[in-house]
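Read off the chains here:
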Amino acid sequence: MTKAIVHTVSPRISNCELTYIERVPVDFAVACQQHQSYCQLLESLGIEVTVLSGNEHFPDAVFIEDTALVFEELAVITRPGADSRRGETTLIEAELSKHRSIAKIMSPATLDGGDVIQVGSTVFVGQTARTNSAGITALQTVLAPFDYEVIPVKVDGCLHLKSAACDISPRSLLVNPKWVDLSPFSDFNVITIDENEPWAANAIHANGTVCLHAGFDRTIGLLRELEFRVAAVNVSEFQKAEGGLSCLSLRFQ
Ligand code: CIR
């Protein structure tokens, strides 16, 4: 992975969508600092970071992961499940068309990038309030010319598949088993988060390093015991908006 696209924090982030958590004010200044640290962490891992800012009027614009999926062969512009987020995709399409040919998810399908884990030629897609069955079928259709297997995954109790499971190496998934059906993951090395840190499964990995929210000490310790190289960054303000590390970037080669 060598590139990441991020989006600046909207000054309206406190008006973000919320589904499973109570609304508390997001400190905009702290969120901006945390976003900068996140970008610096990606850069320290050898990733070239492009920062967009044209969607600042959308409260959830910083959670750019939900707007697109980038595969080697093409980029898929999603149709986010939340009405308030649909307009975010125009800017992202313009940016991604510099890197890939574009396919689009169309109505009535809905699909959030946070529901998709790509590990090699396997594409897991969460069945959630944001991603409907037409969205999963639409993704299967756009990927049909290529060598991917699209596998639906049952998710319950959290917003996105990636709130419950993320790839942390080409063969390993970090999971919260309370929120996701593990049976589709039988070919992978499945690592369970510490149960006191239910949100800790939202992680990213880049160039051999797993990145986690700094507050998840126990899960970080567990991964280090398993000899993963781990870097921590504080994303507490984004957790108040029901986001985590993966949501804050679109990452691709
Ligand atoms: C939303 O509800 O859409 C935002 N407040 C949070 C999105 C988090 N995105 C992600 O997990 N990929």
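Residues numbered from 1 in each chain as written. Predicted model: local features only at pLDDT ≥ 70, side-chain atom pairs only at ≥ 80, totals over all residues. Heavy atoms only, no water.

Visitor: Looking at this structure, how should I read the sheet that holds strand S4 (residues 75-77)?
Guide: Read across the open sheet, the 3 strands follow the order S3-S4-S5; overall the sheet is mixed. Sheet topology places strand S3 (68-70) and strand S5 (102-104) at the edges, where each strand pairs with a single neighbour. Strand-to-strand, the axes of this sheet are offset by a mean angle of 20°, without reference to chain direction. Contacting S3, S4 and S5, helix H2 (residues 89-96) crosses the sheet at an angle of about 165° to S4. (Pairing = 2+ DSSP bridges. Helix = DSSP H or I, 4+ residues; strand = E, 2+ residues; numbered from the N terminus. Axes fitted to C-alpha atoms, helices over the stretch in contact; angles between N-to-C directions. Contact = heavy atoms within 4.5 Å.)

Visitor: Looking at this model, I keep getting lost on the site of the ligand. Mind explaining?
Guide: As a matter of local geometry, the ligand sits amid 14 residues, with Glu 17, Asp 60, Asp 66, Arg 130 and Ala 241 nearest to it. At a separation of 2.9 Å, a nitrogen atom of the ligand approaches a polar side-chain atom of Glu 65. Between an oxygen atom of the ligand and a side-chain N or O atom of Arg 85, the distance comes to 2.9 Å. Taken by itself the ligand offers 340 Å² of open surface, and the protein chains cover 99% of this. Across the shell around the ligand, the residue classes tally to 4 nonpolar, 3 polar and 7 charged. (Near = heavy atom within 4 Å. Polar contact = N/O pair within 3.5 Å; in protein donor to acceptor, adjacent residues only side chain to side chain. Areas by Shrake-Rupley, 256 points an atom, 1.4 Å probe, with all protein chains shown as cover. Nonpolar A, V, L, I, M, F, W, Y, C, P; charged D, E, K, R; others polar.)

Visitor: In this structure, what is going on with H2? I would like to understand it.
Guide: Every α-helix winds through 3.6 residues per turn, so residues three or four apart in the chain are directed the same way. Every buried residue of H2 is accounted for by Thr 89, Ile 92, Glu 95 and Leu 96. Along the axis of H2, the buried positions cluster into a sector of 125°, meaning they face one direction only. Those residues of H2 hidden inside the fold are in contact with strand S1 (3-7), strand S2 (48-52), S3, S4, S5 and strand S15 (250-252). (Buried < 20%, exposed > 50% of the residue type's maximum accessible area, 1.4 Å probe, protein only. Arc of directions from axis to C-beta.)

Visitor: Got a minute to help me understand unusual backbone geometry in this structure?
Guide: Among all residues except glycine, the phi angle is most often negative; among peptide bonds, the trans geometry is most common. Of note, the bond from Ser 107 into Pro 108 is cis; its omega dihedral lies within 30 degrees of zero at 10°. Tracing the chain through its elements places Pro 108 in the loop between S5 and strand S6 (116-119). The phi torsion at Asn 207 lies on the positive side, around 45°, for a residue other than glycine. Relative to the helices and strands, Asn 207 is located in the loop between strand S12 (204-206) and strand S13 (209-213). Of note, the phi angle at Glu 227 is positive, near 70°, even though the residue is not glycine. Inspection of the secondary structure puts Glu 227 in the loop between helix H5 (217-225) and strand S14 (229-233).

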